[in-house]
Each structure stands twice: as structure tokens, then as C-alpha cells.
Amino acid sequence: MIELKKSKNFAGSEGPVVLVIMDGIGIGKNPESDFVKQAKTPNLTWLHENALYTELRAHGVAVGLPDDGDMGNSEVGHNAIGCGRIFEQGAALVGKAIASGAMYADGSVWQELVSNVNHKASTLHFIGLFSDGNVHSNLNHLESMLRKAKEQGVKKARIHALIDGRDVPPTSALDYVERFDAFLKEINADGTVDYCVASGGGRMNITMDRYDANWDMVKRGWATHVKAEGRTFASMKEAVETFRVENPGILDQDLPAFVIERDRAPVGPIVDGDSVIFFNFRGDRSLEITKAFEADELKEFDRGPKPDVLYAGMMQYDGDLGVPARYLVTPPAIDRTMSEYLSNAGVKQLAISETQKYGHMTYFFNGNNSGKFPTETWKEIPSDVCPFEDAPRMKADEITDVVVQAIESGEYKFIRLNFPNGDMVGHTGVVNAVKLAVEAVDENVGRIMEALKKANGIMVCTADHGNADDMCELDKKTGALVLDEQGRCKPKTAHSLNPVPGIVYDPSGAANARLADVPEAGIANLAATCITLLGFEPPEDYAASLVKVG
Ligand SMILES: O=C(O)[C@@H](CO)OP(=O)(O)O
Ligand SMILES: [Mn+2]
Ligand SMILES: [Mn+2]
């Protein structure tokens, strides 16, 4: 059994250690674009000036992504915070498996899927996020797989494209359509294969729901991709252009579903004998559609007859459940998480958020495993199903009610929570709502501070990556703000590349915490920090604690 040693310097505080993850609240660089700065945040400002405060890296290689041009995201962020080390993540692992050819090796799942369609003269389908955001997927991976499929004799491939606009600019769909059309033209040119787009829709409208928040999305996705039911178009370009005319101002992520037809028939329903690859590597938004393809019985919606297909995910999405059964690339081997160490030490832990980020605090935090350690309690506050710009407080008040009660009860030694507001509202691009979202987080951080003052506990407050801190598009070449016709900044819906705050607030002063000299500190250093503040020595191979105590 893995164990923590008690610290010689500090026996732990009287009250709990509370880890607050303010999702998507980073430290901005441009005041015009920084809606954390523009919001009223008396508590965060006070903490900046009076508590221990440092900046932490939350993007690129500091969280296991291929390079420093990659923005952070919730999966890699919560993995790093919960596991205290930097693991090479999905984006990097898939890229390497493709480059080395390991993904396509003899005996691989890829070979099994390809042999299946070659043997049966059936279709190889690809469903996934049509993007190069490197958060859930990368179009390079799709193109490489299609090239390989052609090389290996696959005659018919169909692509079901989930339009992004959330990890990439909000209305950039046609850039990707254009790039991919050129790719298809080239690959189809010699007439030996028939590869084309069969269906799709905005990622926040179909297929990519998470944490059981809204299964209707998956139901719509199933009807679109599998049954080829829905509004038909001659091409993806025509679909996107038509929807934009009909819904002025619509963001790509919200685009309706579409089915592509040729000679009055849909080009790519998914039928018995086909192979299907869900090519997203990230698990949260892949698990529900995977269940729809894999489960013998499905209670969440009536899917009709389930086609008998060989289904594979790009990665294994849940290590504890072993889902999906078939996957192309092995995920990072994240072991010995902070939750496991604390459980073995008998530390009672509470993990809480609302539905939209619930799995972030449980499944992602525990290294993409859905199992619970013995001393953990998990609490989910149901999220509303509505546009979050209309309700920017989301469930921050309700989450805090439970946290304050848990602090007062003395039942838990370690409490971890996620406030989704800065991120979920940040993704809408509605900047006035983003301000209100940040203000709701600040108020609730204040309530937690008050409760910890009374209980003699300690708060560690941070974020998994930025978003609300960088809400305007910048010109790629000049770095200048991109303005619309009215001179307003053009909203950006993606995460930022900015650092995030690392705050330690110890109102009783019991820990005598001082910032340690940690070069290039990142959010992976937070696990050792929490363990130190709980009165233990962090495991030797964890990224160092940000504080010294005692
Ligand atoms: O909504 C999501 O899926 C991602 C953005 O693609 O955001 P986060 O990483 O914060 O969950
Ligand atoms: Mn996040
Ligand atoms: Mn996000």
C-alpha cells in the first residue's frame, strides 16, 4: 500500500484544507480582453495583496501537452492538480503513436477494424471533433488515419464531423471545412476510394454531452450519425452556410445537426458490419456516445436497433470501467493520485461541483478513473440545462452552501471543489455575462474564506487553466485586438494560454506557510502543496510543494 509520512514540521491545521479550483480564471495580459480584471473581485484582490500568491503555469508542456502553443484544459489541468506529476497526455500520446506507426501495428485494434471492413466490404466511420484544438481531438490524426486506411485498401470511409468553435475561434468552421475538402479531393482523386463527410453538427448541440448533463444531445447525435435522420444537405459547407443565414450570430458549437445526401439518399448511415472510430482522445465527452454504441441495453434514450459494428475509441476513456472495450492508443498511466494517498492516510475527503464539472473533481482529479477511494465522498449539484450566459452564477452559491456546511461540520479534512463559472460562461463569448460569472466566483471564495477563518482551516485557491482572462480574439500576426464594425472586441470562446493564480490563505497562521523557491512552478505543484498543508510529507516524485511550513 502506498503511504504518506507525517510531517515533522507541522501536524496540520485544526480546520480543513479546502482546494478551490476556479475553472477558467487565469491571469490576463491584456486589460481590454481580461474579464477577470474587469469584474469586481474584492476577495481575489485581497488575497493577491495579503495571502501567499504566485503564478502557476497551466498550459503546454507544464501539463503534459505536446508544446507550449497548446492551451490548457480541464482534463490535463485536473489530472495534474490531482496527481502531482506531469504525464504525457492524450494529444501527445496519439501524435507519437501515429508518428511511430505503433497505432497501426500488426495485431492492433486499428488492424482489427480495417480487416473487418475489408473483409465485409463495409464502411469505416470516423466520428469526432472537427478541430485542431488539441483539447479533445486533432484533425491531423483523422487525416493520418484516412491516409493509412487508403494504403490498407479501405474503399469506403465516412466522416461524422462535430463542429468545434470552442477550442478554436468561434466561427472558424469553414476554415476547417475548406482544409478538409482539399484533403478529400486529393485522397479521392485517383478514383480508388470513396471517402466523404456523412453527417455532423455543433459539438454543444449533438453527441458530445458529458457527465449525464443532457442525454438529448447524444440522442440527436445518434439519430444524425447512425440513423442518418435529419435535415439533409449536399455538403457540410452548404449546411454551415445555410444555418448561419437562418440563425444570424450563431456560434459554431451550437450549429444544428445535418446529414449529407447524394442522389437523394444519405451517404453514410452506420449499419451492421461497419467499423466505427470515435477519434476524440479526451474521455469526458466521449463516454456517453461510447455507451450508446457499446451497451447491450440503454436506458437513457431509445436508440432503436443497435447496429452490429466494431467500435473503438481513440483512447481508453475510463480506466476503472475499462471503457471502451477497444481503443487505439493506451492512455497515460496515471497512478498514485493524491486521493489514493490521502485515503490510505485516513484523511476524509469531500469532492464537489455541479454536473458540468462534477467529473472534473472526481474522474479527472483521480487520473481518469471513475472509482472512489474509501475515504472519499462525492457530491454533485445538478446543473441547469440552459445557455449559461443567461445564468452566469450557475450553481456557485449552492456549491458553497455545501462546502461551508462541510467546513463547519468538521467532518472532512480535505475538501476540493470546482466553480465552473469563469470557464462555462467564458466559452459563450458573452463578455458581460463573463463578468457576472467571475463576480459570483469571487463572492463565494469570500464565503469560504469566512468559514475557514472561523474553523481555523486553510484555503488553496487556483484554476485549471485560463479562459475569462482572455476573451478577445487577437490578430495572429500583429497581436492586436480584432475589432468588429462597432469597434468592439471580437469575442474568443476558447481557453487561454495564461498562467493561473496559486494562492494559499491560512487565516490562523498555524502552518506558518512561506512560498518555497520552486522554479517554473505549475499546477502540478499543487498536490504536494495540499499534502504539505495537511501535515504530511509529499511523495518524493511529486512536483515540489509551493510552500514550506512549520
Ligand atoms: O468544454 C469542454 O469540453 C472544454 C473545451 O473543449 O472545456 P474544459 O476543458 O474546461 O472542460
Ligand atoms: Mn476547465
Ligand atoms: Mn473549458
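Conventions adopted
Residues numbered from 1 in each chain as written. Chains lettered and ligands numbered in written order. Predicted model: local features only at pLDDT ≥ 70, side-chain atom pairs only at ≥ 80, totals over all residues. Heavy atoms only, no water. Helix = DSSP H or I, 4+ residues; strand = E, 2+ residues; numbered from the N terminus. Rg over C-alpha atoms; globule rule 2.2 N^0.38 Å. Contact = heavy atoms within 4.5 Å. Areas by Shrake-Rupley, 256 points an atom, 1.4 Å probe, with all protein chains shown as cover. Donors = N, O, S within 2.8 Å, 3.2 Å for Na, K, Ca; no water. Buried < 20%, exposed > 50% of the residue type's maximum accessible area, 1.4 Å probe, protein only. Disulfide = S-S within 2.5 Å. Domains from an automatic or database assignment. Buried area = accessible area lost by both parts, 1.4 Å probe. Salt bridge = Lys/Arg side-chain N within 4 Å of Asp/Glu carboxyl O. Polar contact = N/O pair within 3.5 Å; in protein donor to acceptor, adjacent residues only side chain to side chain. Pairing = 2+ DSSP bridges. Axes fitted to C-alpha atoms, helices over the stretch in contact; angles between N-to-C directions. UniProt positions renumbered as here; feature names shortened; annotations may be inferred. 1 Å grid on protein atoms, 1.4 Å probe; cavity = no way out; pocket = protein on both sides within 12 Å on 5 of 7 lines; lining within 4 Å. Points joined across faces, edges and corners; volume = space filled by probe spheres on them. Nonpolar A, V, L, I, M, F, W, Y, C, P; charged D, E, K, R; others polar.

## Notes on the overall build of the chain
- In terms of helices and strands, the chain carries 15 helices and 20 strands.
- The C-alpha atoms of the chain give 24 Å as radius of gyration, which agrees with the globular expectation for 550 residues (24 Å, within 12%).
- Of all intrachain contacts in the chain linking residues separated by at least 6 positions in sequence, the fraction that spans at least 24 positions is 79%.
- Carbon and sulfur atoms provide 49% of the accessible area of the chain, an area that totals close to 20800 Å².

## Looking at the coordination of the manganese ion (ligand 2)
- Surrounding the manganese ion (ligand 2) are the protein donor atoms Asp23 (OD), Ser74 (OG), Asp464 (OD) and His465 (NE2), at 2.0 to 2.2 Å.
- A spacing of 4.3 Å is found between the manganese ion (ligand 2) and the manganese ion (ligand 3). Separated by 51 residues along the polypeptide, aspartate 23 in the loop between β2 (17–22) and α1 (42–50) and serine 74 in helix α2 (residues 74–83) bring together distant segments of the chain. Side by side, aspartate 23 and serine 74 carry an identical accessibility label, which is buried.

## Things to note about the state of the cysteines
- Counted under the stated rule, the structure contains one disulfide.
- Here cysteine 472 is linked by a disulfide to cysteine 489, with a sulfur-sulfur distance of 2.1 Å. Note on the cysteine 472 and cysteine 489 pair: the S-S dihedral is about -50°, so by sign convention the disulfide is left-handed. Taken together, the residues span a long stretch of sequence, with cysteine 472 in the loop between β16 (458–462) and β17 (500–505) and cysteine 489 in the loop between β16 and β17 at a distance of 17 residues. Per residue, the accessibility class of cysteine 472 equals that of cysteine 489, and both read buried.
- You can see cysteine 83 has no disulfide; the closest cysteine sulfur is in cysteine 530, sitting 13 Å from it.
- A residue is classified by how much of its surface remains accessible, and cysteine 83, at 0% relative accessible area, is buried.

## Let's talk about the domain arrangement of the chain
- The domain boundaries assigned to the chain delineate domain 1 (5–88 + 334–548) and domain 2 (91–329).
- Centre-to-centre separation of domain 1 and domain 2, based on C-alpha positions: 32 Å.
- Facing the 32 residues of domain 1 at the interface are 30 residues of domain 2.
- Across the domain 1/domain 2 interface, buried area totals approximately 2300 Å², and carbon plus sulfur atoms make up 50% of it.
- In this assembly, domain 1 and domain 2 are joined by one salt bridge.
- For lysine 96, the salt bridge is made with glutamate 88, and the minimal N-O distance between the two is 2.5 Å.
- Run the count over domain 1 and domain 2 and you get 13 residue pairs in polar contact (both at pLDDT 80 or more).
- When contributions to the side of domain 1 that touches domain 2 are tallied by element, the ones reaching two or more residues are α2 and α11 (355–364).

## Here's the deal with the environment of methionine 236
- Along the polypeptide, methionine 236 turns up in helix α8 (residues 236–246).
- Separated by 39 residues in the primary sequence, methionine 236 and valine 197 have C-alpha atoms spaced 7.2 Å apart.
- In this structure, methionine 236 is in contact with Phe130, Ala161, Val177, Val197, Phe258 and Ile260, ignoring residues within four places of it in sequence.

## Topic: the coordination of the manganese ion (ligand 3)
- Protein-derived ligands of the manganese ion (ligand 3) are Asp423 (OD), Asp423 (OD), His427 (NE2) and His495 (NE2), with the metal-ligand distances lying across 2.1 to 2.3 Å.
- Expressed as a motif, the donor residue spacing for the manganese ion (ligand 3) is D-x3-H-x67-H.
- Given the relative accessible area of 7%, histidine 495 is considered buried.

## Observations regarding the environment of asparagine 498
- The topology assignment puts asparagine 498 in the loop between β16 and β17.
- Looking at asparagine 498, the relative accessible area reads 5%, which means it is buried.
- Linking asparagine 498 and aspartate 308, residues 190 residues apart in sequence, is a C-alpha distance of 46 Å.
- If we skip the residues at most four places from it in the chain, asparagine 498 touches Ile27, Gly28, Lys29, Gly466, Asp469 and Asp470.

## Focus: the sheet that holds β2
- One open sheet holds the seven strands; their spatial order is β3-β17-β16-β2-β15-β13-β14, and the pairing between them is mixed. Only two strands of the sheet have a single partner each, and these edge strands are β3 (52–56) and β14 (376–381). The sheet shows a mean angle of 15° between the axes of neighbouring strands, direction not considered.
- Relative to strand β15 (residues 414–419), strand β13 (residues 349–354) is paired through four bridges, and the arrangement is parallel. Counted as the bridge partner of alanine 351 is arginine 416 from β15.

## A word on the UniProt feature "binding site: substrate" (unreviewed entry) in the chain
- Mapped onto this structure's residue numbering, the UniProt feature "binding site: substrate" (unreviewed entry) falls at His136, Arg166, Asp167, Arg203, Arg210, Arg282, Gly283, Asp284, Arg285 and Lys357. Taken from the residues named earlier, the lining of the largest cavity is made up of His136, Arg166, Asp167, Arg203, Arg210, Arg282, Arg285 and Lys357.
- Turning to its location among the elements, arginine 166 is positioned in the loop between β5 (156–163) and α6 (173–188).
- Classification of arginine 166 by relative accessible area gives buried; the value is 5%.
- Residue position: arginine 282 is located in the loop between β10 (275–278) and α9 (287–294).
- The exposure class of arginine 282 is buried, given its relative accessible area of 2%.
- Setting aside residues up to four positions removed in sequence, arginine 282 forms contacts with Asn73, Ser74, Glu75, Val135, His136, Arg210, Tyr317, His360 and Phe364.
- At 2.7 Å, the side chain of arginine 282 and the side chain of aspartate 284 are in polar contact.

## A short note on empty space enclosed by the protein
- Scanning the entire structure with this criterion turns up five cavities of 30 Å³ or more.
- Its volume calculated, the largest cavity comes out at about 80 Å³.
- The wall of the largest cavity is formed by 14 residues, among which His136, Arg210, Arg282, His427 and His495 lie closest to the centre.
- Grouping the constituent residues of the lining of the largest cavity by class yields one nonpolar, five polar and eight charged.
- Summarising the domain contributions, the lining of the largest cavity has at least three residues from each of domain 1 (5–88 + 334–548) and domain 2 (91–329).
- Quantified by volume, the second largest cavity comes out at close to 60 Å³.
- Taken together, the residues of the lining of the second largest cavity sort by class into six nonpolar, five polar and one charged.
- Formed jointly, the lining of the second largest cavity draws a minimum of three residues from each of two domains, domain 1 (5–88 + 334–548) and domain 2 (91–329).

## Topic: the pattern of salt bridges
- Evaluated as defined, the whole model comprises 30 salt bridges.
- In this structure, the salt-bridge partner of aspartate 194 is arginine 262, at a minimum N-O distance of 3.2 Å. One end of the pair, aspartate 194, is in strand β6 (residues 194–202); the other, arginine 262, is in strand β8 (residues 258–262), with 68 residues separating them in the sequence.
- Salt-bridge contacts for aspartate 284 lead to arginine 282; the nearest nitrogen and oxygen are separated by 2.7 Å. Like aspartate 284, the residue arginine 282 is buried in the burial classification.

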